[in-house]
Amino acid sequence: LGRMKPVIVVHGGAGRIFKEREEGCRAGVVRAALRGYSVLKQGGSAVDAVEEAVRSMEDDPHFNAGCGSVLNEKGEVEMDAIIMDGKNLDSGAVSAVKCIANPIKLARLVMEKTKHMLLTDHGAHLFAQAMGIPEIPGEKLITERSRERWKKNLEPDSNPEEFQKDLGTVGAVAIDSEGNVACATSTGGLSNKLIGRVGDTACIGSGGYADNHSGATSTTGHGESIMKVVLARLILYHMEQGMSPEVAADTALDYMKTRVGGLGGVIVVNKAGEWAARFSTKQMSWATVKDDNLHYGIYPGEKHIKSVDEAVASERRGF
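Residues numbered from 1 in each chain as written. Predicted model: local features only at pLDDT ≥ 70, side-chain atom pairs only at ≥ 80, totals over all residues. Heavy atoms only, no water.

Per an unreviewed UniProt entry, the chain goes by the name Isoaspartyl peptidase/L-asparaginase and belongs to Sterrhoptilus dennistouni. According to UniProt, the comment filed for the chain under the heading Sequence similarities (unreviewed entry) is "Belongs to the Ntn-hydrolase family." (UniProt positions renumbered as here; feature names shortened; annotations may be inferred.)

Dropping the structure here:
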């Protein structure tokens, strides 16, 4: 069997990216893609690569995941995450978790150390303790920006819906040199959401799906709309019918828009290593590495290309 050329694709969330955050979002997805790719280049698995890429974005306050997550109605951070291995359809997810830096790590432990697929809230917290995951004070995850926005949304004449356009779920998909695919998605959810709200991210088939027989996808956007159409699985279904990643993604996003009025974005890789990053929102930060070339963008039709060596060098200089 010819070895696959590894590919990684990441997104930093679909929505509206405000000018002052553009640079940081671009740099953040590029960093995550380079980190994931370096795992693949060293012979690491697709699962290792997507976890590493997502962890990098959870630690970056520019994104609505891990540190930088938005706050619920009570002013707390509650996070959701999922990871899936396309080899055997194993998956692990956590929802409504608090006080840990990297929900994606916990999701992977759920996948590998339990017979279950999804642990929530208090149970997820007990499991994290049992696994020796350090607890951090909730305030450590809260940025000035999240708190400001939470306050604005509490004002009587505010419209939280307006703010939801700036979503910032993070995700990654990859194929490794063995031809195995994986996906990972992580989020702080919706600003000022009800306590205990779980969106698409933690739900298999909605926030992400990976199957070696067809490919892998990670989604971002309006969670409730994504759940209604089971967006991630829908894209893979279209690829099973012979569509390219790009056409499958556009077809599914179009259906979500016409059927339930929902906007979002997706990243996809198929079993042949072809990829796509598509969105129906104004923007989505994304980056891909394939054949030692880095591609990245934020606006529709925008695509920068750099060699990985050049990108890694400018990373070291701090962009």
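Chemist: So what exactly am I meant to see when it comes to the pattern of salt bridges here?
Modeler: Where charged atoms from two side chains of opposite charge approach closely, those side chains can pair. Enumeration according to the criterion identifies 20 salt bridges in this entry. Where Glu51 meets Arg108, a salt bridge forms, and the shortest distance between an N and an O atom there is 2.9 Å. Here Glu51, found in helix α2 (residues 46-58), pairs with Arg108, found in helix α3 (residues 103-113); they are 57 residues apart in sequence, far enough to count as distant. With a relative accessible area of 13%, Arg108 lands in the buried category. A salt bridge links Lys98 to Glu78; the nearest nitrogen and oxygen atoms lie 3.4 Å apart. With a gap of 20 residues between them, Lys98 in the loop between β3 (90-97) and α3 and Glu78 in the loop between α2 and β2 (79-85) connect regions that are remote in the sequence. On the accessibility criterion, Glu78 (1% relative accessible area) is buried. In this structure, a network of salt bridges that share partners links the residues Lys19, Glu22, Glu23, Arg26 and Glu302. (Salt bridge = Lys/Arg side-chain N within 4 Å of Asp/Glu carboxyl O. Helix = DSSP H or I, 4+ residues; strand = E, 2+ residues; numbered from the N terminus. Buried < 20%, exposed > 50% of the residue type's maximum accessible area, 1.4 Å probe, protein only.)

Chemist: I would appreciate a short explanation of the sheet that holds strand β1 (residues 7-15) in the present structure.
Modeler: Hydrogen bonds between backbone atoms are what pair the strands of a sheet, whose relative direction is either parallel or antiparallel. Pairing within the open sheet is mixed, and its nine strands lie in the order β4-β3-β2-β6-β5-β1-β11-β12-β13. The two strands at the open ends of the sheet, each matched to only one other strand, are β4 (118-120) and β13 (304-307). On average, adjacent strands in this sheet sit at an angle of 10° to one another, irrespective of strand direction. Here six bridges tie β2 to strand β6 (residues 181-187), and the two strands are oriented antiparallel to one another. Counted as the bridge partner of Asp85 is Ala182 from β6. (Pairing = 2+ DSSP bridges. Axes fitted to C-alpha atoms, helices over the stretch in contact; angles between N-to-C directions.)

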